[in-house]
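# Geometric and topological summary
For reference, the chains in residue letters:
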Amino acid sequence: MEEKKFNQIGVSFKGSGSYVPHQILSNQKISQKVDTSDEWIKSRTGISERRISSSEDNVTDMGYKAALNAIQKANWDIKTIDLIVLATSTPHDLFGSAPSIQAKLGASNAVAFDLTAACSGFLFALITASQFLKGGNFKRALVIGADQLSSFVDWNDRRSCILFGDGAGALAIEATNKFDNFIGFDMRTDGERGCFLNLPSKNIKDSIIDNIDFVSGGFSPIQMNGQEVYKFAVREVPIILKKLFKITNYSSDQVDWLVLHQANQRILDSVGEKLKIPKEKILSNLEKYGNTSAATIPLVMDEAIRKNRIKQNDIIATSGFGAGLSWGSALIKWG
Ligand code: COA
């Protein structure tokens, strides 16, 4: 991908928001269900607990609350929002949950749609929305990442159930002709390696009448080859970030914050080491929330913004990665 030069329309970051369900599932509690321990989970992943959605916290509810937060921070009149992109793999309605969020917000002038790219979903949605703004069609966009993987985890599979939790995050972004704070991006997918992480259709055949078969809807729980996914992440994420620095003419020491998809603390540490970015600059909230899929990046960013860690004009290198397999990177300046 060629370097993107600022010409006329750029992107400005105006606000962030997040929401997590109230139910807390600690490692100790998981070990009452499967043969594992707090010590094993913490040492292999960095996770201590995760949040689990109840019936009042589906993706639409969580996404709405995170979005409302971001709108308030941006100080926007809701009617001025043009675009809502919801990154999720677990919509409340398979036809799309973004329009329900639009309705709950009362954002009647926006167009809203879902985008699915698993744990890369938020990054892909941020890139998508930014391109709409830069294209000049829309002025204000809400980018939401929300997932409820607890509904699709096999709670008897100790190799995967320990990793995931539920939550939502959102960023409010706006077109401007004064500067461009969306500095560059890169995106990749490799379906050949897609078999390492799936949430597949149950694929149960039935028949409507004689000789006319159909496949009934519904999904099997998450299937994961943890070691292969781990190897993929620690190899590809540093490569795509190094490429990002090259195409944007930035170097890793100019980065104030490295914001990676929160999958595993060991992945964060390894990527940081390979890029020579010190631990203090790597955002992490895995301990409290685990892997919330499309929500991790805006959730950890919102926390850092609220704590005044991420400040105006800070340079943020971000990378999402996961099922597909899919991965991507973006370099942004906050504000
Ligand atoms: N508690 C206790 N033991 C467990 C366990 C658990 N929750 N899960 C697996 N084990 C056991 C295995 O059965 C295995 O035992 P064995 O050697 O007797 O067969 C042993 O621990 C090692 O298993 P392994 O799969 O090699 O562990 P690991 O060090 O690779 O850690 C993951 C497993 C899942 C934590 C790690 O592979 C990982 O994080 N991968 C990336 C997954 C990911 O991020 N997915 C989402 C991407 S968006």
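Residues numbered from 1 in each chain as written. Predicted model: local features only at pLDDT ≥ 70, side-chain atom pairs only at ≥ 80, totals over all residues. Heavy atoms only, no water.

### Description of the domain arrangement of the protein chain
Each domain of the protein chain was delimited in the assignment, giving domain 1 (10–180) and domain 2 (183–193 + 222–333). When each unit is reduced to the centre of its C-alpha atoms, the spacing between domain 1 and domain 2 is 16 Å. Facing the 45 residues of domain 1 at the interface are 43 residues of domain 2. Roughly 3,400 Å² is buried in total at the junction of domain 1 and domain 2, and carbon and sulfur atoms are behind 63% of that figure. The three residues of domain 1 that bury the most area against domain 2 are Cys 119, Leu 123 and Phe 124, which together make up 17% of that side's buried surface. Put simply, domain 1 and domain 2 have 0 salt bridges between them. Elements represented by at least two residues in the side of domain 1 that touches domain 2 include exactly β1 (10–19), α2 (38–45), β3 (49–52), α3 (59–74), α5 (121–134), β6 (140–148), α6 (158–161) and β7 (166–176). The biggest single contributor to the side of domain 1 that touches domain 2 is β7, with 6 residues. The residue makeup of the side of domain 1 that touches domain 2, split by class, is 20 nonpolar, 16 polar and 9 charged. (Domains from an automatic or database assignment. Contact = heavy atoms within 4.5 Å. Buried area = accessible area lost by both parts, 1.4 Å probe. Salt bridge = Lys/Arg side-chain N within 4 Å of Asp/Glu carboxyl O. Helix = DSSP H or I, 4+ residues; strand = E, 2+ residues; numbered from the N terminus. Nonpolar A, V, L, I, M, F, W, Y, C, P; charged D, E, K, R; others polar.)

### Notes on the site of the ligand
Lining the immediate environment of the ligand, one finds 23 residues, of which Thr 36, Arg 44, Arg 158, Gln 227 and Asn 264 sit closest. Residue Arg 44 places a side-chain N or O atom 2.7 Å away from an oxygen atom belonging to the ligand. In the environment of the ligand, a nitrogen atom lies 2.9 Å from a nitrogen or oxygen atom belonging to the backbone of Arg 158. Bound to the protein, the ligand loses 74% of the 970 Å² it would expose on its own. For the shell around the ligand, the elements supplying multiple residues, two or more each, are α2, α6, α7 (226–248) and β14 (315–322). The element that contributes the greatest number of residues to the shell around the ligand is α7, accounting for 4 residues. Tallied by class, residues from the shell around the ligand come to 10 nonpolar, 8 polar and 5 charged. Mapping the shell around the ligand onto the domain boundaries places at least three of its residues in each of domain 1 (10–180) and domain 2 (183–193 + 222–333). (Near = heavy atom within 4 Å. Polar contact = N/O pair within 3.5 Å; in protein donor to acceptor, adjacent residues only side chain to side chain. Areas by Shrake-Rupley, 256 points an atom, 1.4 Å probe, with all protein chains shown as cover.)

### What to know about the nonpolar core
Membership of the largest hydrophobic core comes to 45 residues, with the highest contact counts inside it found for Leu 241, Leu 258, Val 271, Phe 321 and Leu 331. Of all elements in the fold, only α7, β13 (257–260), α8 (265–275), β14 and β15 (326–333) reach the threshold of two or more residues within this core. The biggest single contributor to this core is α7, with 9 residues. Among the domains, domain 1 (10–180) and domain 2 (183–193 + 222–333) are the pair contributing at least three residues each to this core. Not counting the four nearest positions on each side in its chain, Phe 321 is found in contact with Cys 119, Ser 120, Phe 232, Ala 233, Val 237, His 261, Ala 263, Ile 267, Ser 326 and Trp 327. Within the second largest apolar cluster, 36 residues are counted, among which are Leu 123, Phe 182, Val 300 and Ala 304. (Core = buried A, V, L, I, M, F, W, Y, C linked by side-chain atoms within 4.5 Å. Buried < 20%, exposed > 50% of the residue type's maximum accessible area, 1.4 Å probe, protein only.)

### Here's the deal with the sheet that holds β6
Across the sheet, 5 strands lie side by side as β1-β7-β6-β4-β5; this open sheet has mixed pairing. The open sheet has two free edges, formed respectively by β1 and β5 (111–115), since each of these has just one partner strand. Direction aside, the axes of adjacent strands within the sheet are offset by 20 degrees on average. Of the pairings in the sheet, the one linking strand β4 (residues 83–87) to β6 comprises 5 bridges and is parallel in character. Note on β6: the bridge partner recorded for Ile 84 is Leu 142. Seen against the sheet, helix α4 (residues 98–105) touches β4, β5 and β6 and runs at an angle of roughly 140 degrees to β5. The strands touched by α5 within the sheet are β1, β4, β5, β6 and β7, with β6 carrying the most contacts at an inclination of about 165 degrees. (Pairing = 2+ DSSP bridges. Axes fitted to C-alpha atoms, helices over the stretch in contact; angles between N-to-C directions.)

### Some thoughts on the packing of aromatic side chains
Scanning the model with the defined rule gives 6 aromatic pairs in all. Relative to Trp 334, the ring of Phe 13 lies with its centre 5.7 Å away and its plane at 35 degrees, an arrangement referred to as tilted. Of this pair, Phe 13 sits in strand β1 while Trp 334 sits in the segment after β15, placing them 321 residues apart in sequence. According to the relative accessible area criterion, Phe 13 is buried, its value standing at 3%. Where Phe 132 meets Phe 138, the ring centres are 5.5 Å apart and the plane angle is 50 degrees; that geometry is what we call tilted. (Phe/Tyr/Trp six-rings, centres within 6.5 Å; stacked < 30°, edge-to-face > 60°.)

### Some points on α2
Looking at α2, one finds that the buried residues are Asp 38, Ile 41 and Thr 45. Down the axis, α2 shows its buried residues gathered within 80 degrees of arc, on one side only. A positive phi of about 85 degrees marks Gly 46, the residue just after α2. (Arc of directions from axis to C-beta.)

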